[in-house]
Amino acid sequence: MPFRFSSFSMLIGLGAVLGHLYLYRRLVRELVRGRVGRLVAMLVLGLLTLLLGLRRTLLDAVPEQYERTATVATYTWMGVALCLVLALGAFDLVRALLALSHRLQQRRATPLAASTEELVDPERRKFLGRALAGGAAIAGGGLASYGHWRAFAPPMVTEIAIRIPKLPRALDGLSIVQLTDIHVGPFIQRRFMDELVRQANALKPDLFAITGDLVDGDVPTLGPSVAALRDLRSRYGSYFVTGNHDYYSGDVEWTTFLQSLDIQSLRNRHVRIGDAGASLDLVGVDDWSGWKRRNQKGYDLDLALQGRDPERAAVLLAHQPANFKVAAERGMDLQISGHTHGGQLVPMTLLINFAWEHVAGLYRHQDSHIYVSRGCGFWGPPMRVGSPPELVKLVLTT
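These figures come from a predicted structure and were not determined experimentally.

(A) Spatial organisation of the sheet that holds strand β12 (residues 390-397). In spatial order, the strands read β1-β12-β2-β3-β4-β5; together these six strands make up an open sheet with mixed pairing. Each edge of the sheet is formed by a strand with only one pairing partner; in this case those strands are β1 (156-163) and β5 (263-265). Geometrically, the sheet is characterised by an average inter-axis angle of 25 degrees between neighbouring strands, direction not taken into account. As paired strands, strand β2 (residues 175-179) and strand β3 (residues 207-210) are joined by four bridges and run parallel to one another. Across the sheet, residue I176 finds its bridge partner in β3, namely L207. The strands that helix α10 (residues 251-260) touches are β4 (238-240) and β5; relative to β5, the one it contacts most, it runs at about 145 degrees.

(B) Geometry of the nonpolar core. Grouped together as the largest cluster of nonpolar side chains are 50 residues, with contacts concentrated most on L179, I182, V226 and L229. Beyond its immediate chain neighbours, meaning those up to four positions away, L179 contacts L196, A200, F208, A209, I210, T211, L229, L232, C376 and L391. Membership of the second largest hydrophobic core comes to 26 residues, among which are I162, A313, L317 and L394.

(C) Just the side chain of D333, in detail. Residue position: D333 is located in the loop between α12 (324-329) and β9 (334-337). A residue is classified by how much of its surface remains accessible, and D333, at 7% relative accessible area, is buried.

(D) Quick peek at the confidence of the model for the chain. Looking at the chain, the pLDDT average stands at 88 and 92% of residues meet or exceed 70. Of the regions scoring below 50 in pLDDT, residues 1-5 engages in eight contacts with residues more than four places distant in sequence or in other chains.

(E) Seen up close, helix α4 (residues 64-108). With 45 residues, α4 should reach 66 Å at 1.5 Å per residue; the first-to-last C-alpha distance of 67 Å fits that figure. Restricting attention to buried positions, one finds in α4 the residues T71, T74, Y75, W77, M78, G79, A81, C83, L84, A87, L88 and D92.

(F) Representation of unusual backbone geometry in the model. For the peptide bond that leads from V346 to P347, omega is 5 degrees, which places it in the cis range. Mapped onto the elements of the fold, P347 is located in the loop between β9 and α13 (348-355). Non-glycine residue H183 carries a positive phi angle of around 60 degrees. You can see H183 is positioned in the loop between β2 and α7 (190-202). Of note in the backbone geometry, H341 takes a positive phi value of approximately 60 degrees without being a glycine.

(G) Just the pattern of salt bridges, in detail. In the structure shown here, the tally under the stated rule is 14 salt bridges. For R190, the salt bridge identified is with D194, shortest N-O distance 2.9 Å. Highlighted residues: R190 and D194, both in helix α7, separated by four residues, approximately one helical turn. Here R190 falls in the partly exposed class, since its relative accessible area comes to 33%. Note on D194: relative accessible area 35%, which makes it partly exposed. The salt bridge involving D286 is made with R267; its shortest N-O contact spans 3.0 Å. Of the two residues, D286 sits in the loop between β7 (279-284) and α11 (301-305) while R267 sits in the loop between β5 and β6 (269-274), which places them 19 residues apart along the sequence. For D286, a relative accessible area of 6% gives the class buried.

(H) Focus on the sheet that holds strand β10 (residues 361-365). Taken together, the six strands give an open sheet; going across it, the order is β6-β7-β8-β9-β11-β10, and neighbouring strands pair in mixed fashion. Unpaired on one side and paired on the other, β6 and β10 mark the two borders of the sheet. Strand-to-strand twist in this sheet, taken as the mean axis angle between neighbours without regard to direction, amounts to 20 degrees.

How each quantity is defined
- Here, residues in each chain are numbered from 1, in the same order as that chain's written sequence.
- The predicted nature of this model means local features are confined to residues of pLDDT at least 70 and side-chain atom pairs, given and counted, to a pLDDT of 80 or more, with totals for whole chains, interfaces and linings taken over all residues.
- As a convention, hydrogens and water are excluded, and side-chain values are obtained from all of the structure's heavy atoms.
- Pairing between strands requires that DSSP locate at least two bridges from one strand to the other.
- Strands here are runs of E lasting at least two residues and helices are runs of H or I lasting at least four, both read from the DSSP assignment and numbered beginning at the N terminus.
- Angular values range over 0 to 180 degrees, each being the angle between N-to-C directions of two axes fitted as lines to C-alpha atoms, with helices fitted over their stretch in contact.
- Contacts are residue-level and defined by heavy atoms, with any inter-residue pair within 4.5 Å sufficient.
- Among buried residues, those of type Ala, Val, Leu, Ile, Met, Phe, Trp, Tyr and Cys that are joined through side-chain atoms within 4.5 Å constitute a nonpolar core.
- Relative accessibility under 20% of the residue-type maximum defines a buried residue, over 50% an exposed one, and the middle range a partly exposed one, all with a 1.4 Å probe and only protein chains included.
- Along the chain, pLDDT gives the predictor's confidence residue by residue, from 0 to 100.
- A helix's residues, less one, multiplied by 1.5 Å, set its expected span.
- Within this document, salt bridges are pairs made up of a side-chain nitrogen of Lys or Arg and a carboxyl oxygen of Asp or Glu, the two lying within 4 Å of each other.

This is the structure:
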C-alpha cells in the first residue's frame, strides 16, 4: 500500500523542509557561532528533514528490531520541531507587531529623534536577537514537554446525558463508555492500556464501545498490550468497529483477536442490547474510507440496518464522523464517532475545522445526535496541545 499516506506525506514533507529552514535561520544563525558549528547544524537539520519527509520509506527499510526505536525518534522529533517552530513564530510575530508600532510612533517623532534611533548599537541588536531566539527555544521545549505529559496522562472524563425519545423506559439511564483512537503501537503499550482499562471500569458503564483506530501494528507485536481490554467489565459487554488504521494493521486478524477477548465486532450489522422486555439496537459499520486500502466493501449502512425495525431506538458506532445526517434520517438516534483527535496539536486544532463539519463534542441534526470524541491516545508525535485526550461516558435518557 505505497500510496496510503501519499497526500499527507507530501504535506509533512513540505512542512519539514520549510520548518527546518526556519529553525536554521532563527536558531542556528542566531545562537551558533563559527562556520564549523553552523555547518554541522546544517547537516543535522538536513538529515532530520529527510527523516521526516521520507519517514515511511526509511522506516520500512529499517531492520525490524530497530523499527520501534526509529519510529519513536522520528515522531518525537516531529513534535519537538513543531513546538519550536510555533514558539519562534509567536516570538517573531510579537516582535514584528512591536516593530510596526515603533515605526508608527517614529513617524510622529521629530527628525532628531528619528536620526538618533538609527544609531542603535549593532551589538545590542545581536544580543537581543540571540536572547529572543534562546527564549523561544526554551518556550518551545517547554511546550513539547507539556504536550508529551498531556498525551500520556490519564484522559479527561466527559460525561453527557443524551435524550432519546424512543428509548424504552426500562433502559432510561443506560450508559455507554467510548474508547476510541487509542493507537496502541510504538508509544502506547501495556502499561498505558492497563491504566486506561482501570479508569474506564471505574465509570461503571452498561456497555463499552470501541470506535476504531485501536492499533498501529500487527497482532503478534501488539496483541499482549491490546489483551488488557479483556478486563473491561460491563453489563452488556464490549463492541468494536474498525477504523482506518485498523485496516492498515490487518482488520481481519484484529477482529478475530478481539473476539478471543470476548469483544464483538460489528461489521455492518446490528445487535440488540437489553432483554425481551426492553432493548435498543446497537448498529456498527466498517470505517468510512478504510475499505479503499484493501479493496473491500467497507462502510455499508444499508447492510447494517437490514431487518431492523425503524421504530426502535438505535445507536450507531462509526469511526469517522461522516454520513451523520444520512444516518439520522435513517433512524439513528445517536452516532458515536472519533477519528479527528480534535486536531491533537496546534495549529491542527484550528485547521481540522476546514476538513470536518463535526470535529469534537456533541452535535445535533433534527432529533438525532452525534458525539465525536477527541480520542484516548494519539497518533504521530507523542504530544497533545490544545486537544486533551478524553474518555467519554454517554448516558441515554428518555
